[in-house]
Structure formats: structure tokens, C-alpha cells
Amino acid sequence: MIGLISATAAGAAARDRLAAAWPDRTRVYEGPVREAVRAAFAECEQLVCFLATGAVVRLIAPLLGDKTADPGVVCVDEGGRFAVSLVGGHGGGANGLAREVGELLGAEPVLTTATDAVGLPGLDTLGFPYEGSVAAVSRALLDGEPVALEAEVPWPLPPLPASAQGSYTVRLTDRAVEPGEREVILRPPSLVVGVGASKGAPVEEVLGLVEDALREAGLSVRSVAELATVDAKSQEPGIVTAAERLGVPLVTYPAGELAAVEVPNPSGAPLAAVGTPSVAEAAALARGGELLVPKRKSERADGLPAMATCAVARRPGRGRLAVVGLGPGARDLLTPRAAGELRRASVLVGLDQYVDQIRDLLRPGTRILESGLGAEEERARTAVAEARRGHAVALIGSGDAGVYAMASPALAEASDDIDVVGVPGVTAALAAGAILGAPLGHDHVSISLSDLHTPWEVIERRVRAAAEADIVVTFYNPRSRGRDWQLPKALAVLAEHREPATPVGVVRNASRPDESSRVTTLAGLDPATVDMMTVVTVGNTATRNIAGRMVTPRGYRWQERARTQEGTQ
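These remarks concern the structure in this document. (Residues numbered from 1 in each chain as written. Predicted model: local features only at pLDDT ≥ 70, side-chain atom pairs only at ≥ 80, totals over all residues. Heavy atoms only, no water.)

Attention now moves to the sheet that holds strand 5 (residues 82-87). Within a sheet, neighbouring strands are paired by backbone hydrogen bonds and run either parallel or antiparallel to one another. Taken together, 6 strands build an open sheet; the order of strands is 2-1-3-4-5-6 and the sheet is mixed. Only two strands of the sheet have a single partner each, and these edge strands are strand 2 (26-28) and strand 6 (108-110). This sheet shows a mean twist of 25° between the axes of neighbouring strands, independent of strand direction. Pairing analysis gives 3 bridges linking strand 5 to strand 6, with the strands arranged parallel. Directly across from V84, in strand 6, lies its bridge partner V110. (Pairing = 2+ DSSP bridges. Helix = DSSP H or I, 4+ residues; strand = E, 2+ residues; numbered from the N terminus. Axes fitted to C-alpha atoms, helices over the stretch in contact; angles between N-to-C directions.)

So this is what it looks like as C-alpha cells:
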């Protein structure tokens, strides 16, 4: 819960905006400010104080205890210009909260933690359990000292400016090892523990077996991602409670699915009981991986038969491919989600001119693989190959990556061995439409006039279908020096079904500094004024030029009735 505290009418107005936007996340504290801060500090995970920073410092100073347990505190000034991460930037989540508050209120987030100030990810904010000298290793990264990254388990980490060797180390491992003096150990969620149990098996027996198996194999319990079992045991109290105590989810599988998993130690007992020759080993291996601990049984002090079994598998981290649309070019049309994916990626793949647009957003240590025009398929293959190696990859394209851009060739190369995330972007058609007015107010279609990969006969058939259906058409790739006849031909097809005065919008470099636009007509458009940086939008028979803007009516019935009534008055 986020506690909200204010002292003035201006602060209360901003406070109420947050409360309205996050009704399930926030609680407003009324009354005297000192008592409100004290109560919120004790009851909430985070605070947003609409007060001067000096006042907040004095109010919370007596309340501060341990930075790992104190709530994160964000301070917003009376004018709503800045959202300052004051306390608990990493551990309390104040840095992330400051960004969220800033986005919602239009305030500038102010982050002063050293790593965030220079664009480095905090080692304690990567989402992994960690051990060791976070402060010392982070300081070495900030000072540019060589820090070695030892990834014993492949995992899609964010970028770190690490070296092959160094006097400081960041080690990614699921082994039960102690960190050195100048070392941080990150625990990836790489271990899956398969468990089986007889009805009524005590939680102590199940949990003790799991902990013994991990300890004897030299594996860290902090890297356990989940407990897994057969569906028939999904409500078994000993298994359910063991997962709760370990703080991991319980994942279950149908017996038929587990029966199809090849295991080294099948048995007739579980086959008779739940319909699969293996529970522990099969559940541990159900999603692939390497079996580290074969099935073992619990040992009971009373000499009675074991009531629990377990097995441990290592599931390697899946590479991650984010296909990111950068928008039409203007920085403020780059979505926050896209910017977040750029910061998260350790490998960036893209067209060189697009890389230049966002190079300043990349974190130190990001590996950049850029290439020129015409290498789209090569970039797609490269991005997928890097993800398959276990990296976090961002493949960038202009506009929306799924519209005439990189998503299609990349997903044609990708299989289900990597995670794929699509990040939408503002398309050229949308950016141009906003500049022109509202040309896309009703049904519309986008058609590329490039016949480099699509035969012209197919393109012309699509243009003719749009013309006959009276659909607004946006032409991408309308004309280049080597392709100068396609646009006149497409316009001629449309002219067979639309009047010469049909509005046509022409936008070049939409949203960029040298943007230009104009509204002309189907008869008045000179194709020679169009190039590859231009988007051409041709209206339908209802599109009108109103005060210099293209407007395509939605065709609401109430609009038609209004026009009819006006005509009879």
C-alpha cells in the first residue's frame, strides 16, 4: 500500500489525482501531518509526501531504521514539478515509484542513487536474491574498475559493463557457495523441485527432504523457482505448505503429461496410485532441463515407510527477445514501455540510423549490433540467435515493429525455445493521420507500394479491392528513384472509383524536425513530390477537407439524422 500525505490545497489536489488513478494501491492519510507521516510509515510499503523535502526529512528521520525494511519515500513539490526519490530508492522501490508518479502527474522524477544517476542497473534491483558486497561491487562499476561477470547459468541479464577478468566479481550461480570479499552472488530461479507424497504426508517430512536434497547436492534453496507435482496432489497439505514456506509457486501437471516424460527411475507404485510411472522426476523435468538430483525418498525416524519423494532439475534461463517499435521519430512518441525494454536489453539489434535515435537511452554495457539498409533478414536472424544464447535482446524498428517492420521476419525465425515480447509503437500512418486531421475516422487500410518482395500484380489487386470497397488508403513506401511508376498507377486505380476532388494527405518525416505536410486532392497530387520518407493517405468518398484538415466521418446515424433535420428547417 502507498500512503499519501499532503498539507496544502495544491498538494491535496495532486494527492487526489494519484488516489483516483490508483484506488487499489493508495491510502490517503488525513489530519496533522506529523501523525499522518508516522502512521503511514508504520503501515505502508511506500509513501508519497506532497511536502517540501526538508520537512519530510525532519519528519521521517526519527522513524528510519534499516534500509532493507524502511518504506520507500517519494517527495513531490507543491508545484508538481518534481518527484524526488528520497528514501529507499532500491530496497523500498522509491526510484520506480518516482518514475510512476512523474509519469502520472507530469513531474520530473529525481533519482540520486549512484547507479540510477549514471544509467547502471542496481545489483539489488535485478529481481534476483543476492548475497555479498553489493556496495563495494557497485562502487567498482561506478568507478570504471574491471568487474568480472561469471554466469554459471545462462540467464537474460540486463546490461552490465563487466569484463572478462577483474578484482571484483558478479557471479550468477545456483550453487550453494559463499560470496568472496569483493563479490556479489546473484541467485537465478533455475531449480525446479519435483515432489511426490503419500496422502497425509507431514509438511516437515516434505520440506526436510527437499532441503536435504538441495544441501547434499550443493545447491542453493534461494534458486528454487517452483515445486512441481501431479494434478492429483495439487491439494495435498504437506506439499502445498512446503511450497508456501519456501516462498515459491506450486505447479501441477496432468498424469498423462508426466507419463510422457522420459525419466531414469520409473516405478509401478505411482503408476497405480496416480496414473504416471514417475511424479518427482517427471514433474521436475516436465518443461525440460537437466536432472541434477534423481528421485530420492524421505527417511523417517520411526522406521515407517517414506511418505515423500523429490527430484531436482536445472532449467536454464530462456533467452528473451523484445521486438520494439520506436515510433515515427519524435522522442515524446517513444512509449515508456519501449524505453524500458531498451534499458533492459543487454543486446540491441537494429538499423544503424534507428540505433542513433535511441543510443542515449541505452545502459552502459549494452552490446550493439547494427547494420545498414537491406539487411532486415540478417538482423532478424541475429536477434533470434542472440536470444537463443540466453541474452536479453531488443530488436528495434521504426513506427510499430509489427507494421512493415522487424516483427514479422523475427517471429518467422523464432521458435518456442525463447520468450518473445512485442512492444507496440506509434505507426507512420497514425502519426501522419494526427497531423492531417482525422482521415482514419472510419475503415482504413495500409498498403505498401514496394514491389521488391511482393509482386506488383498482388499489390494492384489489393489497391483495387480497397478502391471498390470505398476504404481510406494509406500508402507506405510510395515512391523512390528506382520505383517511380507505382504510385501514379495506384492513384489511377483509386480514381476509377473516387472523384478528382477526393482529399489526399501527404506527410513527410512525420513528427521529426523537418516534418512537412499538405492536403491536396486526388487530381492535384503530383507523384514527383513524394519520396520514401512520405506517407500518402487517400480519403474515401465521404472524406472532406474542413478548414484545411482531412476528416473522414464515422458515419453515425445520429449525424445523418442531424443533417436531415437541418435540411428541413
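Compared with an ideal rise of 1.5 Å per residue, which puts 14 residues at 20 Å, helix 7 (residues 203-216) spans 20 Å between its outermost C-alpha atoms and is within 8% of the ideal. Those residues of helix 7 that are buried are in contact with strand 11 (191-197), strand 12 (224-230), helix 8 (237-246), strand 14 (290-297) and strand 15 (308-314). G218, located one to two residues past helix 7, shows a positive phi value of around 70°. (Expected span 1.5 Å × (residues − 1). Contact = heavy atoms within 4.5 Å.)

Here we come to helix 8. Along helix 8, the positions that sit buried rather than exposed are G238, I239, A242 and A243. The arc enclosing the buried residues of helix 8, seen along the axis, measures out at 130°, which places them on a common side. Counted as exposed and oriented over 90 degrees from the buried face of helix 8: P237 and E244. The inward-facing, buried residues of helix 8 contact strand 11, helix 7, strand 12 and strand 13 (250-253). One or two steps after helix 8, the chain reaches G247, where phi turns positive at roughly 75°. (Buried < 20%, exposed > 50% of the residue type's maximum accessible area, 1.4 Å probe, protein only. Arc of directions from axis to C-beta.)

On to the environment of A330, then. Structurally, A330 can be placed in the loop between strand 16 (320-325) and helix 12 (336-344). Note on A330: relative accessible area 15%, which makes it buried. As for A330 and A431, which are separated by 101 residues in sequence, their C-alpha atoms are 10.0 Å apart.

Put simply, the largest pocket is a space of about 1500 Å³. What lines the largest pocket is a set of 41 residues, and nearest its centre among them are Y354, E376, Y404, N477 and M532. Elements with a contribution of two residues or more to the lining of the largest pocket: helix 13 (352-358), helix 14 (376-388), strand 19 (392-397), strand 22 (444-448), helix 17 (456-468) and strand 26 (534-538). The class makeup of the residues in the lining of the largest pocket is 20 nonpolar, 14 polar and 7 charged. (1 Å grid on protein atoms, 1.4 Å probe; cavity = no way out; pocket = protein on both sides within 12 Å on 5 of 7 lines; lining within 4 Å. Points joined across faces, edges and corners; volume = space filled by probe spheres on them. Nonpolar A, V, L, I, M, F, W, Y, C, P; charged D, E, K, R; others polar.)

This next bit is on the pairing of strand 1 (residues 2-6). Counting buried positions over the 5 residues of strand 1 gives 5, a clear majority of the element. Bridge analysis of strand 1 against strand 3 (residues 46-50) gives 5 bridges, and the strand direction is parallel. Paired with L4 across the strands is V48, a residue of strand 3. For strand 1 and strand 2, the ladder comprises 3 bridges, and the chain directions are parallel. Within strand 2, the residue paired with G3 across the bridge is R27. Taken together, strand 1, helix 1 (residues 9-21) and strand 2 form a β-α-β motif whose crossover is right-handed. (Right-handed = clockwise from strand over helix to strand, strands pointing away.)

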